[in-house]
Amino acid sequence: MSFAKIAKLHNADKYFNRHYEPLYERILPLYRNLTRPIRLLEIGIDTGASLCIWLEYFGANNISIFGIDISPKAIAAAPSEAITFLGDQADATFLQRVISQSGGQFDIVIDDGGHGIQQQQVSFDVLWPEVVPGGVYIIEDLESSMARWGRREARVKKLALTLDVIFGQIRGQMRQRRRERFVRPLYTFCGEAVAIEKPGTLAGGPAK
Amino acid sequence: MSFAKLCEMYGSDKYQGHRYDALYERILAPYRCLPRPVRLLEIGIAKGASLRVWMNYFKPLAFVRPNIPSIFAVDISPESVAAAPSGVTTFCGDQGDPVFLDKVVQESGGQFDIVIDDGAHSMWGQCVSFDKLWPEVLPGGVYVIEDMESSMRRAAQREAKAKGIQVTLAAVFAQIRSQMKRKAPRPPRPLYTFCGEAVAIEKPYEST
C-alpha cells in the first residue's frame, strides 16, 4: 500500500493538509525492500499514529522502530512494537542514552518533536552521526524558524534559526573543492520539511 | 547505462567535475520509462557532451517516433550551436533575453518535462530563464539550475546589486521560505532537491 493510503487510514497529520506526502513518497521507497530490517527513530510520538504508519508501510517484521517523546501520555500511546524513550530532545545526555540503549545506526531519523530551534539543532548534532551511510534525517515543521516564538527562542538562547543553519550547510557544500566533492548529502525540501540524505551506499539495499 | 558512465563516455563534467550523479539519477530515472519521447530543454551546449548523454540516456524512447523533435538546446555562441549532435533542435541566443526565450518556447512548443540551466551562470540569466521557462514545465516535470556557487562570487553579487535583483541562491531560498508560510489547507508544493552546486525544482501535479 502507498504511504498516502496508509497515512489516511491512521488519521496522521502527515497526510492531512497534504503536508509532506510528496517528500515521503520520494524518500521512503528507497528503504522499503532491504534484505534486512530497517532501523527508524522518530522524535515526537503524540498519538502514535505515525509510528503505526511506519509499521504498516515497512511491515512489522521489517522494521526496528524507536520513539522519543517528552510526555508520558504519548509514550503510553505508542504501539507495542516500538521501543520508547521518555525525555527531552534538547538534552544531549538523554539522546546519548537513547543511542547507547537502542544501538544507534539508524537508517531513518525523523524529528517531528517540539519544533523548537534548540530542540531541532541539539537533536541533529547528536543524531546525525548515528545515521548510516545512505540513510536519511528528516526535520519537519521548519516554519518554526520563521514564527515569532522561534525567532525569540533563537535570540534568547543565542542560536541561529534552524532553517538558516541548513541553508548555511548547503552554501558550505557549494564551496567544496573539487577533490572533496565525492561526499555531498542531498537536501530535499517539501513545504516545511527537509530530508537530508547521507552520501554512501545503504547496507543491504539496492545500489543508490 | 548509468548516468555516471554516460558522462564519462561523452566527457560531460556533470559526473567527474561536479558529482551531480546522485541528483540526476534520482530525478531523471522516472523519465527513462515514459511511453513517449521525453521533452527536454538544456541551456548551455558548450561542446555538446551533455546533450549526447541525454540522447543516450533516454535513447530507447527516442526511437519510438524518431521524427518528432523532443530534445532542445539553447546557447549564445554559434560555435556551440554547431557542436550540438544531430537530432537536437538548437536555438542561438541569450538566456537573459525574454524575447528570445519567448521565441524558443513558441518554436519548440514549450511543455517541457525537464529544463536544465547550465548556461552562463549569471544571476540575471538564471532569473530571467527561470521566470520565462518555469511556467512551461509540465506538472510533475523538473527544472534544474546548475552551478549556483556562482551566487557566492563577488562578481555575481556586484551584478545582482547593479541590476537590483537577488542572487539566484538567495532567490531560491526565499522561494522555499515562502512555501513554508502557506496556511492550511495547503496546496501541493514543489520539491526542492539540492546536490552540491545544483538544485532541482519539481513541479507538483496539481499546481496552483
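What counts and what doesn't
Residues numbered from 1 in each chain as written. Chains lettered and ligands numbered in written order. Predicted model: local features only at pLDDT ≥ 70, side-chain atom pairs only at ≥ 80, totals over all residues. Heavy atoms only, no water. Helix = DSSP H or I, 4+ residues; strand = E, 2+ residues; numbered from the N terminus. Rg over C-alpha atoms; globule rule 2.2 N^0.38 Å. Lys, Arg positive; Asp, Glu negative; His and termini not counted. Charge placed at Lys NZ, Arg CZ, Asp CG, Glu CD. Contact = heavy atoms within 4.5 Å. Buried area = accessible area lost by both parts, 1.4 Å probe. Salt bridge = Lys/Arg side-chain N within 4 Å of Asp/Glu carboxyl O. Polar contact = N/O pair within 3.5 Å; in protein donor to acceptor, adjacent residues only side chain to side chain. Nonpolar A, V, L, I, M, F, W, Y, C, P; charged D, E, K, R; others polar. Pairing = 2+ DSSP bridges. Axes fitted to C-alpha atoms, helices over the stretch in contact; angles between N-to-C directions. Parallel < 35°, antiparallel > 145°, perpendicular 65-115°, else oblique. Right-handed = clockwise from strand over helix to strand, strands pointing away. Phe/Tyr/Trp six-rings, centres within 6.5 Å; stacked < 30°, edge-to-face > 60°. Lys NZ or Arg CZ within 6 Å of the ring centre and 35° of its normal. Patch = residues over 30% accessible without salt bridge, like charges linked within 9 Å, V, L, I, M, F, W, Y side chains within 5 Å. Areas by Shrake-Rupley, 256 points an atom, 1.4 Å probe, with all protein chains shown as cover. Buried < 20%, exposed > 50% of the residue type's maximum accessible area, 1.4 Å probe, protein only. Arc of directions from axis to C-beta.

As for the overall build of chain B
Part 1: The secondary structure content of chain B amounts to nine helices and seven strands.
Part 2: A compact globule built from 208 residues would reach a C-alpha radius of gyration of about 17 Å, and chain B, at 17 Å, matches this within 12%.
Part 3: If one aligns the C-alpha atoms of chain B with their principal axes, the spans along those axes are about 45 × 40 × 35 Å.
Part 4: Averaging the locations of the 25 positively and 23 negatively charged side chains of chain B gives two centres separated by 6 Å.

Structural notes on the interface of chain B and chain A
Interface size is commonly expressed as the accessible area that is lost once the parts come together.
Part 1: Between chain B and chain A, the contact holds 33 residues from the first and 33 residues from the second.
Part 2: Both faces combined, the contact of chain B with chain A buries some 3,100 Å², and carbon together with sulfur accounts for 58% of it.
Part 3: Contact with chain A buries area across many residues of chain B, yet Arg 26, Met 180 and Arg 186 of chain B alone supply 23% of it, more than any other trio.
Part 4: For the interface between chain B and chain A, the tally reads five salt bridges.
Part 5: Of the charged contacts in the structure, one is a salt bridge between Glu 197 of chain B and Arg 184 of chain A, with a shortest N-O distance of 2.6 Å.
Part 6: At the junction of chain B and chain A, the tally comes to eight residue pairs in polar contact (both at pLDDT 80 or more).
Part 7: Mapped by element, the contributors of at least two residues to the side of chain B that touches chain A are helix H2 (21-28), helix H9 (168-180) and strand S6 (191-195) of chain B.
Part 8: Among the residues making up the side of chain B that touches chain A, the classes are represented as 17 nonpolar, five polar and 11 charged.
Part 9: Across five bridges, the pairing between strand S6 (residues 186-190) of chain A and S6 of chain B is antiparallel. The residue of S6 of chain B that forms the bridge with Phe 189 of chain A is Tyr 192 of chain B.

Side note on the packing of helix H6 (residues 117-127) of chain A against helix H8 (residues 162-174) of chain A
Residues and elements named next belong to chain A.
Part 1: Where H6 meets H8, the closest approach of the two axes is 9 Å, and the angle between their N-to-C directions is 40°. What the angle tells us is that H6 and H8 run oblique. Listed contacts from H8 to Ile 117, Gln 120, Gln 121 and Phe 124 of H6 are Thr 162, Val 165 and Gln 169.
Part 2: When grouped by side-chain class, the residues that make up the contact of H6 with H8 number three nonpolar, four polar and no charged.

Structural notes on the pairing of strand S3 (residues 83-86) of chain A
Consecutive side chains of a regular strand alternate in pointing toward one face of the sheet and then the other.
All names here are of chain A.
Part 1: One ladder, built from four bridges, connects strand S2 (residues 63-69) with S3; its direction is parallel. Opposite Phe 66, over in S3, you have Ile 83 as the bridge partner.
Part 2: Viewed along the sheet, the connection from S2 through helix H4 (residues 72-77) into S3 turns out right-handed.

Here's the deal with the packing of aromatic side chains
Part 1: Under the counting rule described, the total for this entry stands at 20 aromatic pairs over all chains.
Part 2: Ring geometry for Tyr 24 of chain A and Trp 54 of chain A: centres 5.4 Å apart, planes at 45°, overall tilted. With Tyr 24 of chain A in helix H2 (residues 21-27) and Trp 54 of chain A in helix H3 (residues 49-58), this pair connects stretches of sequence that are 30 residues apart.
Part 3: Ring geometry for Phe 66 of chain A against Phe 106 of chain A: centres 5.8 Å apart, planes inclined by 70°, an arrangement best described as edge-to-face. Separated by 40 residues along the polypeptide, Phe 66 of chain A in strand S2 and Phe 106 of chain A in strand S4 (residues 106-111) bring together distant segments of the chain.
Part 4: Connected via pairs of aromatic rings, a cluster forms that spans Phe 3, Tyr 20, Tyr 24, Trp 54, Tyr 57 and Phe 58 of chain B.
Part 5: In this structure, Arg 32 of chain B packs its charged tip against the face of Tyr 57 of chain B, placed 3.8 Å from the ring centre.
Part 6: Directly above the ring of Trp 134 of chain B sits Lys 203 of chain B, whose terminal nitrogen or CZ lies 5.1 Å from the centroid.

Thoughts on a positive patch on the surface
Part 1: Together, Arg 148, Arg 151, Arg 152 and Arg 155 of chain A together with Lys 181 of chain B line one region of the surface with positive charge.
Part 2: By the secondary structure assignment, Lys 181 of chain B is in the loop between H9 and S6.
Part 3: For Lys 181 of chain B, a relative accessible area of 59% puts it in the exposed group.

Focus: unusual backbone geometry
Part 1: Its identity as a non-glycine residue notwithstanding, Gln 105 of chain A has a phi of 50°, on the positive side.
Part 2: The residue Gln 105 of chain A is located in the loop between helix H5 (92-102) and S4 in this model.
Part 3: Taking the relative accessible area as the measure of exposure, Gln 105 of chain A reaches 44% and is therefore partly exposed.
Part 4: Phi is positive for Asp 147 of chain B, close to 55°, though the residue is something other than glycine.
Part 5: As for its placement among the helices and strands, Asp 147 of chain B is situated in the loop between strand S5 (137-145) and helix H8 (154-163).
Part 6: You can call Asp 147 of chain B buried: its relative accessible area is 8%.

Let's talk about the pairing of strand S3 (residues 89-92) of chain B
Residues and elements named next belong to chain B.
Part 1: The pairing of strand S2 (residues 71-75) with S3 spans four bridges and is classified as parallel. By the bridge assignment for S3, Phe 72 is matched with Thr 89.
Part 2: In the classification by handedness, the crossover that spans S2, the intervening helix H5 (residues 78-83) and the parallel S3 is right-handed.

Side note on helix H1 (residues 3-10) of chain B
All names here are of chain B.
Part 1: Within the sequence span of H1, burial applies to Phe 3, Ala 4, Leu 6 and Cys 7. In an axial view of H1, the angular spread of the buried residues amounts to 165°, which keeps them on one side of the axis. Opposite the buried face of H1, by more than 90 degrees, sit the exposed residues Lys 5 and Met 9.

Description of the environment of Gln 120 of chain A
Residue and element names in this part refer to chain A.
Part 1: Note that Gln 120 resides in helix H6.
Part 2: For Gln 120, a relative accessible area of 0% puts it in the buried group.
Part 3: Among residues more than four places away in sequence, those in contact with Gln 120 are Gln 89, Asp 111, His 115, Tyr 137, Ile 139, Glu 140, Asp 141, Leu 142, Ser 144 and Thr 162.

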